[in-house]
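Below, each chain spelled out in residue letters.
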Amino acid sequence: MKTIFLILSLIQLSAILPWQDTLKENIQTIDDDFSGNIGVYIKDLDNGDVINHNADRSWYLASTIKIPLGIAILKQVEEGEISLDDTLVLRESDFVDGSGDLMYQKPGTEYTVLELLHRTIRESDSTATDMLIRLLGEERFNEIFTREIAGQDMGYITTIMQVRYDAYSEIHQNAENLSTLDIVALKEYTPLTTRYNELLKLLAVDEPETKLESIPAAFERYYERGLNSGSLQTMGTILEQLRDGEYLNSEHTELLIDIMKGVSTGDRRIKAGLPGETEWAHKTGTQIGRSCNIGIAYPQNRDPVVIAACAEKYTELREAEEAFQKVGRLVTENWF
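In what follows, the accompanying structure is described. Position labels on residues start from 1 in each chain and follow its written sequence. Per-residue local features of the predicted model are confined to residues with pLDDT of at least 70, and side-chain atom pairs are confined, for both listing and counting, to 80 or more; whole-chain, interface and lining totals are unaffected and use all residues. Heavy atoms throughout the structure, all of them, feed into the side-chain values; hydrogens and water do not.

**As for the overall build of the chain**
Helix and strand definitions follow DSSP, with helices as H or I runs of at least four residues and strands as E runs of at least two, each counted in order from the N terminus. Helix and strand content of the chain: 12 helices and nine strands. Taken over the C-alpha atoms alone, the chain extends approximately 75 × 50 × 35 Å along its principal axes. When burial is assessed residue by residue, the chain has 54% of its 336 residues classed as buried. Taking the intrachain contacts of the chain between residues at least 6 apart in sequence as the baseline, contacts between residues at least 24 apart amount to 65%. The buried label goes to any residue with under 20% of its type's maximum accessible area, the exposed label to any with over 50%, and the partly exposed label to all in between, with areas taken from a 1.4 Å probe on protein chains only. We call two residues contacting when some pair of their heavy atoms lies within 4.5 Å.

**So, helix H8 (residues 192–203)**
End to end, H8 covers 16 Å across 12 residues, agreeing with the expected 16 Å (1.5 Å per residue, within 8%). As for H8, its buried residues are in contact with helix H6 (160–169), helix H7 (180–186) and helix H9 (215–223). Count one or two residues on from H8 and you reach Ala204, which has phi positive near 60°. What a helix is expected to span follows from its residue count: subtract one and scale by 1.5 Å.

**Overview of the environment of Ala323**
Position of Ala323 among the secondary structure elements: in helix H12 (residues 317–335). When its relative accessible area of 4% is taken as the criterion, Ala323 is described as buried. When residues no more than four places from it in sequence are discounted, the contact partners of Ala323 are Ile30, Phe34 and Ile38.

**Examining the packing of helix H2 (residues 66–78) against helix H3 (residues 113–122)**
It is the contact of H2 with H3, at a shortest axis distance of 10 Å, that shows an interaxial angle of 165°. In terms of axis orientation, H2 runs roughly antiparallel to H3. Crossing of H2 over H3 shows left-handed handedness. Of the residues in H3, those touching H2 at Lys66, Leu69, Gly70, Ile73 and Leu74 are Val113, Leu117, Thr120 and Ile121. Under the scheme applied here, ten amino acids are nonpolar (Ala, Val, Leu, Ile, Met, Phe, Trp, Tyr, Cys and Pro), four are charged (Asp, Glu, Lys and Arg), and all others, including Gly, are polar. Classifying every residue of the contact of H2 with H3 by side-chain character gives six nonpolar, two polar and one charged. Each axis is a line fitted through C-alpha atoms, and for a helix only the stretch in contact is used; angles between axes span 0 to 180 degrees, taken between their N-to-C directions. Any angle that falls under 35 degrees is termed roughly parallel, while one over 145 is termed roughly antiparallel, one within 65 to 115 roughly perpendicular, and all others oblique. For any helix crossing, the convention is left-handed if the near helix is rotated counterclockwise from the far helix by under a right angle, and right-handed if that rotation is clockwise.

**Focus on the sheet that holds strand E1 (residues 37–44)**
Two strands make a pair as long as DSSP finds a minimum of two bridges between them. Here five strands make up an open sheet; going across it, the order is E2-E1-E9-E8-E7 and the pairing antiparallel. Either end of the sheet is taken by a strand with one partner, and the two such strands are strand E2 (50–53) and strand E7 (279–287). When strand polarity is set aside, the average angle formed by the axes of neighbouring strands in this sheet is 10°. As paired elements, E1 and E2 share four bridges and run antiparallel to each other. For Tyr41, the partnering residue across the bridge sits in E2 and is Asn52. Against the sheet, H12 touches E1, E2, E7, strand E8 (290–298) and strand E9 (305–312), its axis set at about 155° to E9.

**A word on unusual backbone geometry**
In this structure, Pro191 follows Thr190 across a cis peptide bond, with omega equal to 0°. Note on placement: Pro191 falls in the loop between H7 and H8. Positive phi is not limited to glycine here, since Ala204 has a value of about 60°. For Ala204, a relative accessible area of 65% corresponds to the exposed category. In this structure, Asn301 is a non-glycine residue whose phi angle is positive, near 70°. Note that Asn301 resides in the loop between E8 and E9.

**Some details on the side chain of Lys66**
Residue position: Lys66 is located in helix H2. Under the convention used here, Asp and Glu are negative, Lys and Arg are positive, and both His and the chain ends fall outside the count. We count a salt bridge whenever a side-chain nitrogen from Lys or Arg sits within 4 Å of a carboxyl oxygen from Asp or Glu. The side chain of Lys66 sits in the buried core without any salt bridge; Asp125 is the nearest counter-charge, 7.1 Å away. Other than its neighbours up to four places away in sequence, Lys66 contacts Thr120, Ile121, Ser124, Asp125, Ser126, Thr129, Ile160 and Lys283.

**Describing the environment of Trp59**
The topology assignment puts Trp59 in strand E3 (residues 58–60). Overall, the relative accessible area of 1% leaves Trp59 in the buried class. For the pair Trp59 and Glu333, spaced 274 residues apart in sequence, the C-alpha separation works out to 26 Å. Ignoring sequence-local partners within four residues, the contact set of Trp59 consists of Asn37, Ile38, Gly39, Asn54, Asn228, Ser229, Gly230, Leu232, Cys310, Ala311 and Glu312. In protein, a polar contact means a hydrogen-donor-capable atom and an acceptor-capable atom, both N or O and within 3.5 Å, with residues adjacent in sequence counting only if both atoms are side-chain atoms; elsewhere, any N or O pair within 3.5 Å suffices. At 2.8 Å, the side chain of Trp59 forms a polar contact with the backbone oxygen of Asn54.

Have a look at this one:
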């Protein structure tokens, strides 16, 4: 009996492994043809098949950390610490350059936690994100994140505004004295060489006094610190456990996934490679020289597939988006 079982197991492995190896080779080809590096994690939630391409190393996660933030907020709701109907007052100090339009709204305006959650994930609104982190407290959020969501292998999560302070401080220590409005104003200057020159004016320093000679170089140095970073394997597991209801009750699980299905960014990323009828509950993330797209694909007539991908050190964002599209097409060809 044991011999028969062993033979059947070997037959199954011989049927699975070549298919997986071919898919891994296809992903490697995407990576080889790409100007930077990519990481990809795919898990079939039907049979547990996993494809891992650089997914167990650390990646800068950008705004994809807003999904764990959403989980943490809703966990606090379930514990009675906050309510989705609670209101937060927009402060001038909350303004963050980035996606969303809250930074253009009048200070003193009130927003419910639920509205901020929608804006944080669907619109990737950076100001809404930092308001929710302020509500939880940065230390408390990280405690929930590491103890109850992700485990210990993820980097410390900061506010989005702190990312700017940390990166610009790699150019000169005077960056810590900038106001939030100073940093928001820098967003208006493009290209990045112009922004760099304007930053030096705000810092009141000359270029010979700086530690680095460009904003991209400053962000590359910042990424080395491992903040707001983690493995795609862990992020994929977070998505799987969210879908399985391991973090939240059924009402809040459905709420968060529905919000993710309505994300307004990323049409040229993984979604572009999926069949048009596929529901895609996801989050994008974009920073200088870094981009990500993670989510759960809900095809018709089969169980979902978790897909998590990040890209780094590329020449243009367009190239990263094309790589993500190719990953989406591979999923379509092999699973749907």
